[in-house]
Amino acid sequence: MDHTKILLDENEMPKQWYNILADLPVEPPLNPATNEPMNPKDLEPIFAKELIQQEISSERYIDIPEEIREIYTLWRPSPLYRAHRLEKALGTPAKIYYKNESVSPAGSHKPNTAIAQAYYNMKEGTERITTETGAGQWGSALSLCCNYFDIECKVYMVRSSFYQKPYRKSLINLWGANVIPSPSTETQFGRKVLEMYPETTGSLGIAISEALEEAALNDNTRYALGSVLNHTSLHQTVVGLETQAQFDKTEDYPDIVIGCCGGGSNLAGVSLPYIRDNIAGKTNTRFIAVEPSACPTLTSGEFKYDFGDMAQMTPLLKMYTLGSEFIPPAIHAGGLRYHGASPIVSKLVADGIMEATSYHQVEVFDAAVKFARSEGIAPAPESSHAIKCAIDEALKCKQTGEEKTILFNLSGHGHFDMSSYDKYFSGELSND
Ligand SMILES: *Cc1c(COP(=O)(O)O)cnc(C)c1O
């Protein structure tokens, strides 16, 4: 019988993260006041020093500290599945594999970087971390991980998700963090936005500004970002490195690697180790970033220097962007509602190493239901973008008769997204 579930032992888990900056330099963040490359020292009031070092490091491999590996083993190595039932339902000769990152306590890939960020902050004496969250995945991941190290955590949650996804909020409370809807009255910037747009659904750009403002004003407080920045992609490479070790146990090697893209971290995590092999001339894998048509950063944005937040408090990042003022429609894949994208992923797309595509919300839910009814797992709306693309690629193989191997990252489960599924089943879900 062919494999269905490919597992690794704990001792086969990667001991180092892979840093693609050694093989693919990206343009540096700029100080908006001077338009010169940012001085790392200037970021120290905001981020833990070790994370700033990792952000600009050109070391190809960075050791994963033993304490982080120990906590990783609570959910890692995560399983790689061969989607036999989905293949059968589609009648495709393609082989579909998915890496299941929904097995972490928070239900997504996000704790892979949250635990690293909490750890380095704990080492440097941070007492409190502020952050933003879209769908609530990052906020719950960070509250889980701050709790492991007794760090206080405060989460600004995008208002539309705060009310659409009340149970993510409960989970954040369960792990001991404080969560409030953004824009809030607790920051200067939040009050300004509320005055201008009292009915706003909020955005990640606004929530980031609020969390940054609070960290900048308090000495014992640092800020953590769940995606976009180079160090988040670095930490997520455990996903792709494990997947490579798992594929070594099969006869297959992926021809296509697919991930959904919000800020780009799960996509970077699954694909960067494969991109390393392409750059080394060993392989010729295709990579596809999948985003919502309602927030089409990579497919319709501009590749330029822009701010990461609405208040223009962050350094300027060279990335695809829809503009830091952009407020996307309140689609159900809240984790994909970001105006920008990781500079690494942006560079890969700009250089033609990675493709990008977008889908509408309803067709994404069609794919989610097909997946749930064949594989059983209820996927997150974000991850369902990757599923939709994998299904389309498998259906192309059905046309051509090619037996391609397709890998996608199942970035999370949808157990807290049932109200979105309800809307889909009652026909109330719109495309934007
Ligand atoms: C946050 C999130 C995403 C989007 O973030 P990336 O940084 O692009 O990976 C995707 N899927 C899930 C389940 C998420 O929680």
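These figures come from a predicted structure and were not determined experimentally.

Caption draft 1: Local environment of the domain arrangement of the protein. Per the domain assignment, the segments of the protein are domain 1 (5-12 + 75-107 + 236-426) and domain 2 (16-63 + 110-223). One C-alpha centre belongs to domain 1, the other to domain 2, and the line joining them spans 22 Å. Listed by partner, the interface residues are 50 residues for domain 1 and 49 residues for domain 2. Taking both partners together, domain 1 and domain 2 bury about 4,000 Å²; carbon and sulfur atoms supply 65% of that area.

Caption draft 2: Expanded view of the sheet that holds strand E10 (residues 178-182). Spatially, four strands are ordered E10-E9-E8-E11 in an open sheet, and the strand pairing comes out parallel. The open sheet has two edge strands with one neighbour each: E10 and strand E11 (221-223). Averaged over all adjacent pairs, the angle separating strand axes in this sheet is 25°, with direction ignored. Across five bridges, strand E9 (residues 152-158) lies against E10 in parallel orientation. Bridge pairing links lysine 154 to asparagine 178 in E10. Strands strand E8 (128-133), E9, E10 and E11 of the sheet are contacted by helix H9 (residues 204-217), whose axis makes an angle of about 170° with E8.

Caption draft 3: Quick peek at helix H10 (residues 230-247). Given a rise of 1.5 Å per residue, 18 residues ought to cover 26 Å, and the 26 Å separating the end C-alpha atoms of H10 matches this to within 8%. At glutamine 236, H10 shows its maximal kink, close to 30°.

Caption draft 4: Structural detail: the packing of aromatic side chains. Throughout the structure, instances matching the rule amount to 16 aromatic pairs. Taking 5.8 Å as the distance between ring centres and 45° as the angle between the ring planes, the aromatic pair formed by tyrosine 18 and tyrosine 61 counts as tilted. Taken as a pair, tyrosine 18 in strand E2 (residues 16-18) and tyrosine 61 in strand E5 (residues 61-63) lie far apart in primary sequence, 43 residues in all. In this structure tyrosine 18 comes out as buried when scored by relative accessible area, which is 0%. Ring-pair connections join several aromatic residues into one group, and the members of that group are Tyr81, Tyr98, Phe371 and Phe408.

Caption draft 5: Region of interest: the sheet that holds strand E1 (residues 5-6). Here we have seven strands laid out as an open sheet, ordered E1-E6-E7-E17-E12-E13-E16, and mixed in their pairing. Looking at which strands have only one partner, the edges of the open sheet turn out to be E1 and strand E16 (355-359). Summarising the sheet, strand E12 (residues 256-260) and strand E17 (residues 405-410) pair through three bridges and their orientation is parallel. Across the sheet, residue valine 257 finds its bridge partner in E17, namely leucine 407. Contacting strand E6 (80-82), strand E7 (95-100), E16 and E17, helix H14 (residues 361-375) crosses the sheet at an angle of about 95° to E16.

Caption draft 6: Up close: the UniProt feature "modified residue: N6-(pyridoxal phosphate)lysine" (unreviewed entry) in the protein. The sites that UniProt annotates as "modified residue: N6-(pyridoxal phosphate)lysine" (unreviewed entry) are Lys110. With respect to the helices and strands, the residue lysine 110 is situated in the loop between E7 and helix H4 (111-123). Other than its neighbours up to four places away in sequence, lysine 110 contacts Gln137, Trp138, Ala141 and Gln236.

Caption draft 7: Expanded view of the side chain of lysine 154. Structurally, lysine 154 is set in strand E9. Residues within four places of lysine 154 in sequence aside, it is in contact with Arg128, Ile129, Thr130, Thr131, Asn178, Ile180, Glu186 and Glu214.

Caption draft 8: Local environment of the side chain of glutamate 210. Inspection of the secondary structure puts glutamate 210 in helix H9. Comment: no salt bridge for buried glutamate 210; closest opposite-charge side chain is arginine 191, at 7.4 Å. At a separation of 2.8 Å, a polar atom in the side chain of glutamate 210 contacts the side chain of serine 184. At 2.6 Å, the side chain of glutamate 210 forms a polar contact with the side chain of threonine 187. When near neighbours in sequence (up to four residues on either side) are disregarded, glutamate 210 contacts Tyr156, Ser182, Pro183, Ser184, Thr187 and Gly190.

Caption draft 9: Representation of the packing of H4 against H10 in the model. Between H4 and H10, the shortest axis-to-axis distance is 8 Å and the interhelical angle comes to 125°. By the angle class used here, H4 and H10 are oblique. In this structure, H4 meets H10 at a crossing whose hand is right-handed. Contact with H4, carried on its side by Asn112, Thr113, Ala116, Gln117 and Tyr120, involves His231, Thr232, His235, Gln236, Val238 and Val239 of H10 and no other residues of that element. Taken together, the residues of the contact of H4 with H10 sort by class into four nonpolar, seven polar and no charged.

Caption draft 10: Main features of the pattern of salt bridges. Applying the stated rule across the entire model yields 23 salt bridges. Between lysine 123 and glutamate 67 there is a salt bridge, and its shortest N-O distance comes to 3.9 Å. With lysine 123 in helix H4 and glutamate 67 in helix H2 (residues 66-72), the pair connects residues that are 56 residues apart, well separated along the chain. Look at the salt bridges and you will find they share partners, linking Arg128, Glu152, Lys154, Glu186 and Glu214 into a network.

Caption draft 11: Expanded view of the environment of phenylalanine 416. Within the secondary structure, phenylalanine 416 sits in the loop between E17 and helix H16 (418-425). Along the backbone, phenylalanine 416 and arginine 168 are 248 residues apart, and their C-alpha atoms lie at a distance of 6.6 Å. Excluding anything up to four places from it in sequence, phenylalanine 416 contacts Lys165, Tyr167, Arg168 and Leu171.

Procedures and definitions
- Residues numbered from 1 in each chain as written.
- Predicted model: local features only at pLDDT ≥ 70, side-chain atom pairs only at ≥ 80, totals over all residues.
- Heavy atoms only, no water.
- Domains from an automatic or database assignment.
- Contact = heavy atoms within 4.5 Å.
- Buried area = accessible area lost by both parts, 1.4 Å probe.
- Pairing = 2+ DSSP bridges.
- Helix = DSSP H or I, 4+ residues; strand = E, 2+ residues; numbered from the N terminus.
- Axes fitted to C-alpha atoms, helices over the stretch in contact; angles between N-to-C directions.
- Expected span 1.5 Å × (residues − 1).
- Bend = angle between axes of the 7 residues up to and from the residue.
- Phe/Tyr/Trp six-rings, centres within 6.5 Å; stacked < 30°, edge-to-face > 60°.
- Buried < 20%, exposed > 50% of the residue type's maximum accessible area, 1.4 Å probe, protein only.
- UniProt positions renumbered as here; feature names shortened; annotations may be inferred.
- Lys, Arg positive; Asp, Glu negative; His and termini not counted.
- Salt bridge = Lys/Arg side-chain N within 4 Å of Asp/Glu carboxyl O.
- Polar contact = N/O pair within 3.5 Å; in protein donor to acceptor, adjacent residues only side chain to side chain.
- Parallel < 35°, antiparallel > 145°, perpendicular 65-115°, else oblique.
- Left-handed = near helix turned anticlockwise from the far one by under 90°.
- Nonpolar A, V, L, I, M, F, W, Y, C, P; charged D, E, K, R; others polar.

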